[in-house]
Amino acid sequence: MRGMNGVGESLRESAVFNFNGAVTMVIDDSPFALELTAQAVLGFGIKVRHSCSSAAEAIAVLRDHPVDLILVDCEMPGMSGYEFVRWLRRSGLEPNAFAPVIMTAAHVRRSKVSEARDCGANFLITKPFSAGVLLERIVWVARDARPFLEVGDYFGPDRRFRSEPWEGLERRSEEIRKAEFEAQRRASIEL
């Protein structure tokens, strides 16, 4: 799905996906939700290789086994799904630190969407979800070519989805410095 350095290739719209060999992990403290998710992905050819009932159990598996896709519940006792994703992204475990992560949540408020984005997850879906929605999101993360970024305490896929230029006031310091440098360069050329 994604290279170890997090840079995926763009895929054709007509690309056919064979998920048969994908190593998938599902993490959920609810045995019912764990089984339901495993059955949903099995319907489109993905066999769950690692079913974990806690983040601690998942961490133990991830230290020894590479995975291609992780589906994790946001709210779990002990270490939450958000804390787990932050740990994963900062773990240094290659290729697992770059594995696509789809988070699931029973109640999604705007703050949960922001928290999922800010912890380094690729996507958040609401439970109960249909198999079709889950498949759409899995294909979406397989096609996702956003690079991984490390900015402050964030490490994960670029949180920006749009590539068109921003029309408002620029606030990113690196872009401001770049614009100032370009202006100085143009001014020195014109002299």
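Residues numbered from 1 in each chain as written. Predicted model: local features only at pLDDT ≥ 70, side-chain atom pairs only at ≥ 80, totals over all residues. Heavy atoms only, no water.

**Focus: the sheet that holds strand S2 (residues 48-52)**
Logical step 1: With respect to topology, five strands assemble into an open sheet ordered S2-S1-S3-S4-S5, the strand pairing being parallel. Of all the strands in the sheet, just S2 and strand S5 (123-126) have a single pairing partner and so form its edges. The sheet shows a mean angle of 20° between the axes of neighbouring strands, taken without regard to direction.
Logical step 2: Of the pairings in the sheet, the one linking strand S4 (residues 101-105) to S5 comprises four bridges and is parallel in character. Paired with Ala105 across the two strands is Thr126, which belongs to S5.
Logical step 3: The strands touched by helix H5 (residues 131-143) within the sheet are strand S3 (69-73), S4 and S5, with S5 carrying the most contacts at an inclination of about 180°. (Pairing = 2+ DSSP bridges. Helix = DSSP H or I, 4+ residues; strand = E, 2+ residues; numbered from the N terminus. Axes fitted to C-alpha atoms, helices over the stretch in contact; angles between N-to-C directions. Contact = heavy atoms within 4.5 Å.)

**Description of the layout of surface pockets**
Logical step 1: Taken as a whole, the second largest pocket spans an internal volume of roughly 160 Å³.
Logical step 2: Ser30, Phe32, Ala33, Leu36, Thr37, Ala40, Lys127, Pro128, Phe129, Ser130 and Ala131 are the residues that line the second largest pocket.
Logical step 3: Classifying every residue of the lining of the second largest pocket gives seven nonpolar, three polar and one charged. (1 Å grid on protein atoms, 1.4 Å probe; cavity = no way out; pocket = protein on both sides within 12 Å on 5 of 7 lines; lining within 4 Å. Points joined across faces, edges and corners; volume = space filled by probe spheres on them. Nonpolar A, V, L, I, M, F, W, Y, C, P; charged D, E, K, R; others polar.)

**So, empty space enclosed by the protein**
Logical step 1: Applying the stated criterion across every chain yields a total of one cavity of 30 Å³ or more.
Logical step 2: Counted as a void, the largest cavity has a volume near 40 Å³.
Logical step 3: Together, Val26, Ile27, Asp28, Thr37, Leu71, Val72, Asp73, Thr104, Lys127 and Phe129 line the largest cavity.
Logical step 4: Contributions of two or more residues to the lining of the largest cavity are made by strand S1 (24-27) and S3.
Logical step 5: Among the residues forming the lining of the largest cavity, the class breakdown is five nonpolar, two polar and three charged.

**Overview of unusual backbone geometry**
Logical step 1: Here the amide bond leading from Glu94 into Pro95 is cis, since omega sits at 5°, within 30 degrees of zero.
Logical step 2: Structurally, the position occupied by Pro95 is in the loop between helix H3 (81-90) and S4.
Logical step 3: In this structure, Pro128 follows Lys127 across a cis peptide bond, with omega equal to -5°.
Logical step 4: Mapping Pro128 onto the fold places it in the loop between S5 and H5.

**Considering helix H1 (residues 31-42)**
What sets the pattern is the α-helix's 3.6 residues per turn: residues three or four places apart point alike.
Logical step 1: With twelve residues, H1 extends 16 Å from end C-alpha to end C-alpha; this agrees with the ideal 16 Å at 1.5 Å per step.
Logical step 2: Along H1, the positions that sit buried rather than exposed are Ala33, Leu34, Thr37, Ala38, Ala40 and Val41. Buried residues of H1, seen end-on, are gathered within an arc of 160° and therefore sit on one face of the element. Exposed residues lying more than 90 degrees from the buried face of H1 are Pro31 and Phe32. (Expected span 1.5 Å × (residues − 1). Buried < 20%, exposed > 50% of the residue type's maximum accessible area, 1.4 Å probe, protein only. Arc of directions from axis to C-beta.)

**Concerning the nonpolar core**
Logical step 1: Core analysis: the largest hydrophobic core is formed by 27 residues, its most contacted members being Met25, Ile27, Ile70, Val72, Phe84 and Met103.
Logical step 2: Beyond its immediate stretch of four places on either side in the chain, Phe84 contacts Ile27, Ala55, Ala58, Ile59, Leu62, Ile70, Val72 and Met79.
Logical step 3: Among the nonpolar cores identified, the runner-up in size contains 17 residues, and Ala38, Leu69, Ile125 and Phe129 belong to it. (Core = buried A, V, L, I, M, F, W, Y, C linked by side-chain atoms within 4.5 Å.)

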